[in-house]
Amino acid sequence: MTKSLVERLVNGDKLNASEMGQLLRGAAQDPTMLQLLRDNAVRTARQQFGLGIYIRGLIELSSYCRCNCLYCGLRRSNRDAERYRLSAEEVLECCKEGYKLGFRTFVLQGGEDGTHSDEWLEMLICQMRSLYPDVAITLSLGERSEASYIRLKRAGANRYLLRHEAANEELYESLHPDSKGLAYRLQCAEALKRAGYQVGLGMMIGVKGQTIEHIVEDLMLIERMQPEMVGIGPFLPHKATPLGSEPAGDLNITLATIAIVRLMLPKALLPSTTALATLTPRGRLEGILSGANVVMPNLSPSNVRAKYAIYENKASWGKEAAEGLQALEAELQTIGYHIDYSRGDFDNLKQ
Ligand code: SAH
Ligand code: SF4
């Protein structure tokens, strides 16, 4: 039964929620089914992208955050968190090094730092854009106004990662006390789309209260919204959060979910996330062997990296970005893949 569901996904058929649940449960329980799903996802990814894996240089802009997401070590109620914010000069220094190494996408990610005004971000993005006209600039700075998204797009940003986190309203509310709510989050994603960004949704797997049915709801939302990028990784506990003693997300369910997204959205840009690499040593490769085609090495200055702790013991390839890239290339080669140094826009569509 699960086998024919895989075949239908491969053929581009839409599955309904109950079929999707059956497929996910089947893959989580039966290793043969999981393998079948992953093999098909890998075949689809190879048809689209060959054996090249796109790289994105991650620059962690700030560890200040006004939000209080239950799962995240940067939440505002975590008094133990060490806070920092990079200056524009420090960001440009990261870009300089990254560009030299061959990165053609920079991702500015951070907590929702109230001091990041539109003016300041606009200035920074304009500088990056004029110094490096051929790079893609991705933002991952959480919820902002539509006017702000438009302004930053005009300044030169191309993509925006804003995981929806949970498509089920009750689960979303339970994880995000005093947030503006799921409907608002989705409105932000729509605003980003209207502004012309390539948009990234996503969620973590195995966060407290999440059931298979919730993941199915996430998959249905992803199907409906057709994002250009989808970030999926396991939940990892951080001890200074209310979810600090909860178990980490399940590896197989994470891999099955990535594989299903690959089959639903053959052209999507899917990262093999750092969370997956942190969960298990071969995690990064297992993600690629489930249909992921992007990795996001860290370009942040080494003295701030430990402070950007959304969860603990974050995997990395060492302190130096250059060494890191060599290690990544070697890691990819063990499964016959290599780094693709091109910009890697969605369907080669630059916007
Ligand atoms: N503040 C921005 C971007 C930084 S957080 C935002 O929230 O959109 C980036 C992502 O890290 C979040 O979308 C969340 O899905 C993920 N994350 C946060 N805490 C995590 C944890 N404990 N385990 C796994 N992923 C986590
Ligand atoms: Fe802030 Fe993002 Fe962490 Fe939520 S997940 S607390 S918005 S950094």
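Residues numbered from 1 in each chain as written. Chains lettered and ligands numbered in written order. Predicted model: local features only at pLDDT ≥ 70, side-chain atom pairs only at ≥ 80, totals over all residues. Heavy atoms only, no water.

All chains considered together, the criterion is met by 20 salt bridges. When the shortest N-O distance is used, the salt bridge between R8 and E19 registers 3.0 Å. Of the two residues, R8 sits in helix α1 (residues 2-10) while E19 sits in helix α2 (residues 17-29), which places them 11 residues apart along the sequence. According to the relative accessible area criterion, R8 is partly exposed, its value standing at 26%. Here D178 ties to R76 by a salt bridge, and the two come within 2.9 Å at their closest N and O atoms. Linking D178 in the loop between α7 (169-175) and α8 (182-194) with R76 in the loop between β2 (57-62) and α4 (88-101), this pair joins segments that are 102 residues apart in sequence. Because the salt bridges share partners, they merge into one network encompassing R8, D13 and E19. (Salt bridge = Lys/Arg side-chain N within 4 Å of Asp/Glu carboxyl O. Helix = DSSP H or I, 4+ residues; strand = E, 2+ residues; numbered from the N terminus. Buried < 20%, exposed > 50% of the residue type's maximum accessible area, 1.4 Å probe, protein only.)

Another point: the pairing of strand β1 (residues 52-55). Burial along β1 is two-sided: G52 and Y54 facing one way and I53 and I55 facing the other are all buried. The pairing of β1 with strand β9 (residues 338-340) spans 3 bridges and is classified as parallel. Each bridged residue has a counterpart across the sheet, and for Y54 the counterpart in β9 is D340. (Pairing = 2+ DSSP bridges.)

On to the sheet that holds strand β7 (residues 229-234). Taken in spatial order, the 6 strands make up an open sheet running β2-β3-β4-β5-β6-β7, and their pairing is parallel. Looking along the sheet, the strands with just one partner apiece sit at the ends: β2 and β7. Neighbouring strand axes in the sheet, compared pairwise and without regard to direction, differ in orientation by 20° on average. Where strand β4 (residues 136-140) and strand β5 (residues 159-161) come together, 2 bridges link them in parallel fashion. Of the residues in β5, the one forming a bridge with T138 is R159. Contacts from helix α5 (residues 118-131) reach β2, β3 (105-110) and β4, with the element oriented near 155° to β4. (Axes fitted to C-alpha atoms, helices over the stretch in contact; angles between N-to-C directions. Contact = heavy atoms within 4.5 Å.)

Honestly, it's all geometry; don't read function into it.
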